[in-house]
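# Structural description and commentary
Each chain is listed here by its residues.
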Amino acid sequence: MNKRTILSLGAAFLSLFTINSHADYALNLKTPATEIASQIYDLHMLILWVCVAIFIVVFGLMFYSIVKHRKSVGHKAAQFHEHHWLEIIWTIIPVVILVVMAYPATKTILAMKDTAAADMSIKITGYQWKWGYDYLDQNVKFISTLSTPQDQIHNKEEKGENYLLEVDNPMVVPVGQKVRLLITAADVIHAWWIPEFGVKQDAIPGFMKEAWIRVEKPGTYRGQCAELCGKEHGYMPIVVEAMEQADYDAWVVAQQDASAAASAGADKEWAQDDLITAGKAVYEKNCSVCHGATGAGIPPAFPAMTGSAVVTGPIETHLDMILNGKNIMPAWKAVLNDVDIAAVIAYERNALGNSTGDSIQPSAVKAAR
Amino acid sequence: MSTTTATHHDDHGDHGHPTGIMRWVASTNHKDIGTLYLWFSFFMFLFAGAMALGIRAELFQPGLQFLEPEQFNRLTTLHGLIMIFGAIMPAFVGFANWMVPMMIGAPDMAFPRLNNMSFWLLIPAALLLIGSIFVPGGAIAGGWTMYPPLSIQQGMAMDMTIFAIHILGISSIVGSINIITTILNLRAPGMGLMKMPLFIWTWLITAFLLIASMPILAGAITMMLTDRHFGTSFFDAAGGGDPVLFQHVFWFFGHPEVYIMILPAFGIVSTIIPAFARKPLFGYASMVYATSAIALLSFVVWAHHMFTTGMPVAGQLFFMYSTMLISIPTGVKVFNWIATMWRGSMTFETPMLFSIAFVFLFTLGGFSGLVLAILPVDIQLQDTYYVVAHFHYVLFSGAAMSIMAGVYYWLPKWTGHMYDETLGKWHFWLTTIAFNITFFPMHFTGLAGMPRRVPDYALQFAEFNMISSLGAFALGISQLLFLYVVIKCIRGGEKAAANPWEGAEGLEWTVPSPAPFHTFETPPTVK
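Residues numbered from 1 in each chain as written. Chains lettered and ligands numbered in written order. Predicted model: local features only at pLDDT ≥ 70, side-chain atom pairs only at ≥ 80, totals over all residues. Heavy atoms only, no water.

### Details of the overall build of chain A
For chain A, the count of helices and strands is 11 helices and 10 strands. Since a compact globule built from 369 residues should have a radius of gyration of about 21 Å, the 28 Å found for chain A marks it as more spread out than a globular shape. Referenced to the eigenvectors of the C-alpha coordinate spread, the extents of chain A come out at roughly 95 × 65 × 35 Å. When each of the 369 residues of chain A is scored for burial, the buried share is 47%. (Helix = DSSP H or I, 4+ residues; strand = E, 2+ residues; numbered from the N terminus. Rg over C-alpha atoms; globule rule 2.2 N^0.38 Å. Buried < 20%, exposed > 50% of the residue type's maximum accessible area, 1.4 Å probe, protein only.)

### Here we look at empty space enclosed by the protein
Residues and elements named next belong to chain B. According to the stated counting rule, one finds 6 cavities of 30 Å³ or more in the structure shown. Roughly 190 Å³ of internal volume is contained in the largest cavity. In this structure, the largest cavity is lined by 18 residues; those nearest its centre are Met89, Pro90, Val93, Ser171 and Ser172. Contributions of two or more residues to the lining of the largest cavity are made by helix H4 (69–104), helix H8 (156–185) and helix H9 (198–229). A total of 6 residues in the lining of the largest cavity trace back to one element, the largest contributor, which is H8. A class-by-class count of the residues in the lining of the largest cavity yields 13 nonpolar, 5 polar and no charged. (1 Å grid on protein atoms, 1.4 Å probe; cavity = no way out; pocket = protein on both sides within 12 Å on 5 of 7 lines; lining within 4 Å. Points joined across faces, edges and corners; volume = space filled by probe spheres on them. Nonpolar A, V, L, I, M, F, W, Y, C, P; charged D, E, K, R; others polar.)

### Quick look at the side chain of Gln247(B)
Counting through the fold element by element, Gln247(B) comes out in helix H10 (residues 243–260). Since its relative accessible area comes to 1%, Gln247(B) is described here as buried. Residues contacting Gln247(B), with those up to four places away along its chain left out, are Ile189(A), Tyr147(B), Met306(B) and Thr309(B). (Contact = heavy atoms within 4.5 Å.)

### Some points on the packing of H4(B) against H10(B)
All names here are of chain B. Two numbers describe how H4 lies on H10: the axes approach to 11 Å, and their chain directions differ by 50 degrees. Between H4 and H10, the crossing angle belongs to the class labelled oblique. Where H4 approaches H10, its residues Ile84, Phe85, Met89 and Phe92 are matched on the opposing element by Phe253, Glu257 and Ile260. Considered class by class, the residues forming the contact of H4 with H10 number 6 nonpolar, no polar and 1 charged. (Axes fitted to C-alpha atoms, helices over the stretch in contact; angles between N-to-C directions. Parallel < 35°, antiparallel > 145°, perpendicular 65-115°, else oblique.)

### A few points about the sheet that holds strand E9 (residues 219–224) of chain A
Residues and elements named next belong to chain A. With mixed pairing, 3 strands are arranged side by side in an open sheet as E4-E10-E9. Two strands bound the open sheet, and with one partner strand each, they are strand E4 (171–174) and E9. Adjacent strand axes in the sheet meet at a mean angle of 25 degrees, parallel and antiparallel pairs treated alike. Pairing geometry for E9 and strand E10 (residues 237–243), over 6 bridges, is antiparallel. Bridge pairing links Tyr221 to Val240 in E10. Docked against the sheet, helix H5 (residues 245–267) engages E4 and E10, running at close to 140 degrees with respect to E4. (Pairing = 2+ DSSP bridges.)

### Some points on the packing of aromatic side chains
A full pass over the atoms with the stated rule returns 63 aromatic pairs over all chains. For the pair Tyr147(B) and Phe246(B), a centre-to-centre distance of 6.5 Å together with 75 degrees between the ring planes defines the contact as edge-to-face. Here Phe246(B) lies in helix H10 and Tyr147(B) lies in the loop between helix H6 (122–131) and helix H7 (150–153), a separation of 99 residues in the sequence. Here the two residues Tyr147(B) and Phe246(B) agree in accessibility, since each one is buried. A cation sits over an aromatic face here: Lys268(A) above Trp270(A), 4.4 Å from the ring centre. (Phe/Tyr/Trp six-rings, centres within 6.5 Å; stacked < 30°, edge-to-face > 60°. Lys NZ or Arg CZ within 6 Å of the ring centre and 35° of its normal.)

### Observations regarding the pattern of salt bridges
Tallying each qualifying case throughout the model produces 12 salt bridges over all chains. The salt bridge partner of Glu210(A) is Arg180(A), with a shortest N-O separation of 2.8 Å. Placement of the pair is Glu210(A) in strand E8 (residues 209–213) and Arg180(A) in strand E5 (residues 179–185), with a sequence separation of 30 residues. We classify Glu210(A) as partly exposed; its relative accessible area is 39%. We classify Arg180(A) as partly exposed; its relative accessible area is 25%. Bridged by salt links that share partners, the residues Lys71(A), Arg278(B) and Glu502(B) form one connected network. (Salt bridge = Lys/Arg side-chain N within 4 Å of Asp/Glu carboxyl O.)

### A short note on the domain arrangement of chain B
Residue and element names in this part refer to chain B. Domain boundaries assigned for chain B yield domain 1 (27–233 + 241–253) and domain 2 (262–515). In this structure, domain 1 and domain 2 have C-alpha centres spaced 19 Å apart. Listed as interface residues are 53 residues of domain 1 and, on the opposing side, 61 residues of domain 2. Regarding the contact of domain 1 and domain 2, the summed buried area is about 5,000 Å², with carbon and sulfur atoms giving 79% of it. (Domains from an automatic or database assignment. Buried area = accessible area lost by both parts, 1.4 Å probe.)

### Focus: the nonpolar core
Within the largest apolar cluster, 224 residues are counted, with the highest numbers of intra-cluster contacts made by Trp337(B) and Val359(B). The leading source of residues in this core is H4(B), at 22 residues. Among all residues touching Val359(B), those that are not within four sequence positions of it are Phe59(A), Met62(A), Val269(B), Ile273(B), Val334(B), Trp337(B) and Ile338(B). (Core = buried A, V, L, I, M, F, W, Y, C linked by side-chain atoms within 4.5 Å.)

### Notes on H5(A)
Across its 23 residues, H5(A) extends 34 Å between first and last C-alpha, which sits within 8% of the 33 Å expected from 1.5 Å per residue. Burial in H5(A) covers these residues: Tyr248(A), Trp251(A), Val252(A), Gly265(A) and Ala266(A). (Expected span 1.5 Å × (residues − 1).)

### Quick word on the packing of helix H6 (residues 272–286) of chain A against helix H10 (residues 338–350) of chain A
Residues and elements named next belong to chain A. Relative orientation of the contacting elements H6 and H10 amounts to 95 degrees, with a least axis distance of 6 Å. In terms of their interaxial angle, H6 and H10 are classed as roughly perpendicular. From H6, Gln272, Leu275, Ile276, Ala278, Gly279, Lys280, Val282 and Tyr283 reach across to H10, where they touch Asp340, Ala342, Ala343, Val344, Ala346, Tyr347, Glu348 and Asn350.

### Quick word on a nonpolar patch on the surface
Residue and element names in this part refer to chain A. On the surface, a cluster of nonpolar side chains totalling about 690 Å² of accessible area is made up of Trp85, Ile88, Ile89, Ile92, Ile93, Val96 and Val100. With respect to the secondary-structure elements, Ile92 resides in helix H3 (residues 84–113). By relative accessible area, Ile92 is classed as partly exposed at 47%. (Patch = residues over 30% accessible without salt bridge, like charges linked within 9 Å, V, L, I, M, F, W, Y side chains within 5 Å. Areas by Shrake-Rupley, 256 points an atom, 1.4 Å probe, with all protein chains shown as cover.)

### A short note on the sheet that holds strand E2 (residues 130–135) of chain A
Residue and element names in this part refer to chain A. Strand order in the open sheet formed by 5 strands is E3-E2-E1-E5-E8, and the pairing between neighbours is mixed. Single-partner strands in this sheet number two, and they are strand E3 (140–144) and E8. Here the average twist between neighbouring strands, direction ignored, is 25 degrees. Where E2 and E3 come together, 5 bridges link them in antiparallel fashion. In the strand pairing of E3, Asp134 is matched with Lys141. Seen against the sheet, H5 touches strand E1 (120–127), E2 and E3 and runs at an angle of roughly 85 degrees to E3.

### Regarding the domain arrangement of chain A
Residue and element names in this part refer to chain A. For chain A, the domain assignment lists domain 1 (26–70 + 79–112), domain 2 (120–252) and domain 3 (268–368). A C-alpha centroid distance of 26 Å is found between domain 2 and domain 3. On the side of domain 3, 10 residues touch domain 2, which itself brings 11 residues to the contact. Here domain 2 packs against domain 3, burying approximately 790 Å² in sum over the two surfaces, 63% of which is carbon and sulfur. In this structure, the salt-bridge partner of Asp168 is Lys285, at a minimum N-O distance of 2.8 Å.

### Considering the interface of chain B and chain A
Taken together, the contact pairs 99 residues of chain B with 96 residues of chain A. Regarding the contact of chain B and chain A, the summed buried area is about 8,500 Å², with carbon and sulfur atoms giving 71% of it. Sorting the residues of chain B by area buried against chain A places Gln380(B), Leu459(B) and Glu463(B) first, and these three jointly supply 9% of that buried surface. Linking Glu502(B) and Lys71(A) is a salt bridge whose minimum nitrogen-to-oxygen distance equals 2.7 Å.

Okay, structure coming up:
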């Protein structure tokens, strides 16, 4: 191998490090945004340096021995095979190190578990594959899903800065307030995780688990589902916007207004074409991940929409399937509002290769709940 | 009947045992069965390794290139299951079969027919696992840990996997009974318990761990089976069950399982380091006590795999403290190995190189284990690539590299030929360097927040993932060199003496190389 080949190989290797250079790689835990996350950061640095110190001593001795005590330099083997004091000492020293480590770790654990005296509570529900947020005191409730376009995932367009870490509706919290998180799931186990907050809590169906945060600075914080939850596990990010109290209050009012408008929509009479148009967006956001953008599905686990017996059969069965789910098919009644459900039914029955020609009014969905 | 009588009086060396394929199918000989185990595990190692390359190919760049997310999940799941149950565990049983009788001066295993059965049970289990790839819905995609409710959602492949694990469990239990009985009853006169080679000690303890933990796993997956098909709700909150119950039961098996895969490795390395340092093992008695302590502690640390489930604070503290305690006996072992090397007269043949790499890299895995034991830090790192780095440092550079060390060390005894030392060293350096290129960067991606078991990732992780993928392909290809070296050694090479290693001790080196079909028909006397 001549010098030029080596150089060009080296250049090729270096170029690996410049691809996607607009997102910087990191070597350590993210900069903490809460007191607990700061404590975790410090605990990690402490244990890391303890390990580095042990590493240097232990492997310093080992490599010294490898260099000096080898046959090729004529070293003759000693025959000792025991030394009681040495063995006692190297058992006791680790015990002392562990006690020193356990003390601050215990303090942090006790602090993490203290969810008392919270200023507000948010219920978080993991769904396959989205997050639901329910502000228990403010009557605000919404679903948060990945907003990265499919074309970016399938390499058809340039990936954005927050690729896979962006959502349509972020969770919003006021800074400086102690927010209690009530975490659960509707189908399988998920885990709600924002690294900057030092919170990772499994979301377990049928059980309510607690965690808490007090975000120090306004900003956008990004995390991901951290427990394998099925095929779209890598595509259910978590985004939290922390705002000043006044901005947060304005956001709550805006959310309440939007929800009032949506429930007003449920009472009016909708034209079928309007429902189909609205249903396309609902379908693409919620249904296409399993049943396919064209309705082809991924049989046998995820049935096709096109020509499906449920979709082309009696509309009541279709509605029941969407409201209550079946096996892997989730129940959507807690996730979608009446208009969304009526719209997606209209879309599925009159698009994706189906043409039953019928639809259902949001008011009928409301009655069927 | 006259022929039966006639063969009965024949010399034991050729009393008409079957030849050809029947030699293997009907074998009751510990050496042949050991060989079967070792080849089986090697093919499973290559097969599951190829799956890992599929994973790394998809993760070479962000975005989806080769696999759909569900296919990706199937690969990670099967890679884990097959590496654990198909590659690492059978490889150690292969060592036990070959070496336990020869190291304790026994003519064979205590129950030769059970021995045959415990190997041949592996084949239907492997066929079920691999066959599950081809059934409707494909292989299971819920991770090797099979947590419900996700695993309740899987197709018929889940049932095939459950059945396969049941069969593997029977195989392990039967094999363990055989190993325990052999060690406790068939030792040569004069070999007291505290004179047994350390490899025998570690396998004795491992066999007890297997008997104690495999039935627990069988219970967990049986409850899963009845939840899936017979209307029970052990793991379904809607019927009064609890999904987390599965995790408790699974990890009550799963943590001893971790030690099942590392204690025999300790035994192999504790055999090889004294041989090439030309110096007795330092602290034999403390090694035995440390191994027993690790085995006992392994039953009270299981919930450290579940720190993020939201246990009560008392549970969290207990499992953090008990987990931290494990580092003490483990540390004793590392210190003992280094004290064995200290002031020795070392040479660095391939088995020694692998053993030193084991001590160094396994300890790195131990350090990351200590980091993960600190519960608040674990909360950040649970289910990230940091954990993936951690368990590959203990399972690849720990278990798998000790197996490679052991293969090179005993190949002359098994085949009667010396392996090609130059190629062996190439295999060592390629494996060690590629391994670190693959897995060291995962510490960084994990700390920076990349979850495990995702087919796609945010752009900030792109550089390290690309490096990991390049390393993984180099690591995978290097193992073909291993295959070549082993085949070359079987087919020929320099004749090996009865004891080809200057400093090796033990009864196995007192018989000729290759070891005759039957050894120690008359027990040797150990002074």
